[in-house]
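Coordinates in review
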Amino acid sequence: MTTELKNDTIIRALLREPVDRTPVWIMRQAGRYLPEYLKTRAEAGSFMNLCQTPELACEVTLQPLRRYQLDAAIVFSDILTIPDVMGMGLYFEEGQGPKFAKPITSSADIHKLPRPDVAESLAYVMDAVSMVRRELDGTVPLIGFSGSPWTLFTYMIEGGSSKTFAKSKKLIYQEPALAHMLLEKLADTVTDYLNMQIESGAQIVQIFDTWGGVLSDQAFRDFSLRYLDRIVSGLKRENEGRRVPVILFAKACNTQLEALAGTGCDGLGVDWTISLREARERVGQQVALQGNMDPAILLAEPEIIHREVGNTLSSFGHGEGHIFNLGHGITPDVKPEHLSTLIDSVRELSPAYHS
Ligand code: CP3
């Protein structure tokens, strides 16, 4: 396997080193907006089979890179593989979001959850990582990922997606020691999981804290940030003679940018509810910023997309440390040609910000 990288623009941008244009990748770049993804998922029979078959996971990881000039690949999997291998039995029913065959119904169930041996139970993810690295052959870096302990906790405690997060919040207030026990187990598991992805060939890692934004300021610090801190400190930060940058994407957590930057991560993902200008003023030279176009802009006509790419680039402004992305995942209703417009526009308009 080659350790050379022909295009390391995204790694340099994450380390705030000079680049000649702004690198771009898209959260959920392999997904349902692509007809070839739907075809491979149909062949796999189910979303879980797709994740668990390294050849198919590798195929869908590469699909968006065949269509678009992306600066990174992200290994195809899901954040909920961790609760799955803790014994909860993850499954998806069309249009219904994630479900568990063995949901948590009591404190005793929480006590019984094991710290899984991810090298063994998630070997299929490591196999997909090595296979993608081989196929990429050094063209662009590969991103590995995990959910944050708090975000995994909400799916496990709620038994799936939620609007109110009532059970999770009740648990942290009513039984904080029990909540911390589970979060600690998750933090150690996530650390193992990301380190294994790095050892298998992931050259960047991203942690998704999709639901950090539902917590109060203090609860975020106690039940999410604390564990993000612990994970960042426990990660292998260099591999193959190169820095392995860590990106934290905590959605709807704009009030926490300084605290998140303080974990020692290299980059922060930001959603579209804050301007990159303000985010940059707040974090200064501490971290790079990733984002933050509203995914809904991709539903508008190409001229609008081109204009909004320009606005996003100009909001960050001149200089280093920007990775172009959406502020959350691309949605299934986007026309694939509209993403071409976004990527071509970043390539066309961004060099002016790096001269
Ligand atoms: O970005 C990529 O291309 C890599 C793949 C990826 C998936 N999920 C594939 C997926 C990544 C990085 C994720 C992360 C993920 N999964 C998050 C964090 C990011 C975010 O979007 O906030 C979360 C919260 C999940 C949990 C999850 N997975 C939910 C709630 C759902 C169902 C709802 C939905 O969006 O459809 C999934 C399923 C899922 N994971 C799909 C994909 C492409 C769609 C499933 C399908 O093909 O039917």
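Residues numbered from 1 in each chain as written. Predicted model: local features only at pLDDT ≥ 70, side-chain atom pairs only at ≥ 80, totals over all residues. Heavy atoms only, no water.

We now examine empty space enclosed by the protein. One pass over the structure, following the stated rule, counts 1 cavity of 30 Å³ or more. Approximately 40 Å³ is the volume attributed to the largest cavity. (1 Å grid on protein atoms, 1.4 Å probe; cavity = no way out; pocket = protein on both sides within 12 Å on 5 of 7 lines; lining within 4 Å. Points joined across faces, edges and corners; volume = space filled by probe spheres on them.)

Let's shift gears to the pairing of strand S8 (residues 246–250). Taken across its 5 residues, S8 has 5 buried, putting it largely inside the fold. Side-chain alternation along S8 places Val-246, Leu-248 and Ala-250 on one buried face and Ile-247 and Phe-249 on a second face that is also buried. Both strand S5 (residues 204–209) and S8 contribute to a ladder of 5 bridges, which runs parallel. Each bridged residue has a counterpart across the sheet, and for Val-205 the counterpart in S8 is Val-246. (Buried < 20%, exposed > 50% of the residue type's maximum accessible area, 1.4 Å probe, protein only. Helix = DSSP H or I, 4+ residues; strand = E, 2+ residues; numbered from the N terminus. Pairing = 2+ DSSP bridges.)

Time to look at the layout of surface pockets. The space that makes up the largest pocket amounts to roughly 1,400 Å³. Arg-28, Arg-32, Phe-47, Asp-78 and Phe-92 are the residues nearest the centre of the largest pocket, which is lined by 45 residues in total. Classifying every residue of the lining of the largest pocket by side-chain character gives 23 nonpolar, 15 polar and 7 charged. Of the volumes computed, that of the second largest pocket is approximately 250 Å³. Together, Ile-104, Thr-105, Ser-106, Ser-107, Ile-110, Ile-157, Lys-167, Lys-170, Leu-171, Gln-174, Glu-175 and Leu-178 line the second largest pocket. Of all the secondary structure elements, the ones that give two or more residues to the lining of the second largest pocket are helix H6 (107–112) and helix H10 (166–174). The greatest single-element share of the lining of the second largest pocket, amounting to 4 residues, is contributed by H10. Looking at side-chain class alone, the lining of the second largest pocket contains 5 nonpolar, 4 polar and 3 charged residues. (Nonpolar A, V, L, I, M, F, W, Y, C, P; charged D, E, K, R; others polar.)

Okay, the sheet that holds strand S11 (residues 322–326) next. Overall, parallel pairing links the 7 strands, which are arranged S1-S4-S5-S8-S9-S10-S11 in an open sheet. The open sheet has two edge strands, strand S1 (73–74) and S11, and neither has a second partner. Two strands pair when backbone bridges link them, and strand S10 (residues 288–293) and S11 are joined in this way by 5 bridges, in the parallel orientation. Paired with Met-293 across the bridge in S11 is Leu-326. Helix H12 (residues 217–234) rests against S5 and S8 of the sheet, and its axis sits at about 170° to S5. (Contact = heavy atoms within 4.5 Å. Axes fitted to C-alpha atoms, helices over the stretch in contact; angles between N-to-C directions.)

At their nearest, the axes of helix H14 (residues 276–283) and helix H15 (residues 302–316) sit 7 Å apart, and the two run at 20° to each other. For the element pair H14 / H15, the angle class is roughly parallel. Relative to H15, the crossing made by H14 is right-handed. For the pair formed by H14 and H15, the contact residues are Leu-276, Arg-277 and Arg-280 on the first element and Thr-312, Ser-314, Ser-315 and Phe-316 on the second. A class-by-class count of the residues in the contact of H14 with H15 yields 2 nonpolar, 3 polar and 2 charged. (Parallel < 35°, antiparallel > 145°, perpendicular 65-115°, else oblique. Left-handed = near helix turned anticlockwise from the far one by under 90°.)

Let's shift gears to the pattern of salt bridges. Inspection of the entire model under this criterion finds 20 salt bridges. Ionic pairing is found between Asp-8 and Arg-12, a salt bridge with its closest N-O pair at 2.9 Å. Look at Asp-8 and you get partly exposed, because its relative accessible area is 25%. Residue class for Arg-12 comes out partly exposed when judged on its relative accessible area of 28%. Notably, a salt bridge pairs Arg-133 with Glu-240, separated by 3.0 Å at the nearest N-O pair. Of this pair, Arg-133 sits in helix H8 (residues 123–136) while Glu-240 sits in the loop between strand S6 (238–239) and strand S7 (242–243), placing them 107 residues apart in sequence. Arg-133 sits in the buried class, given a relative accessible area of 4%. (Salt bridge = Lys/Arg side-chain N within 4 Å of Asp/Glu carboxyl O.)

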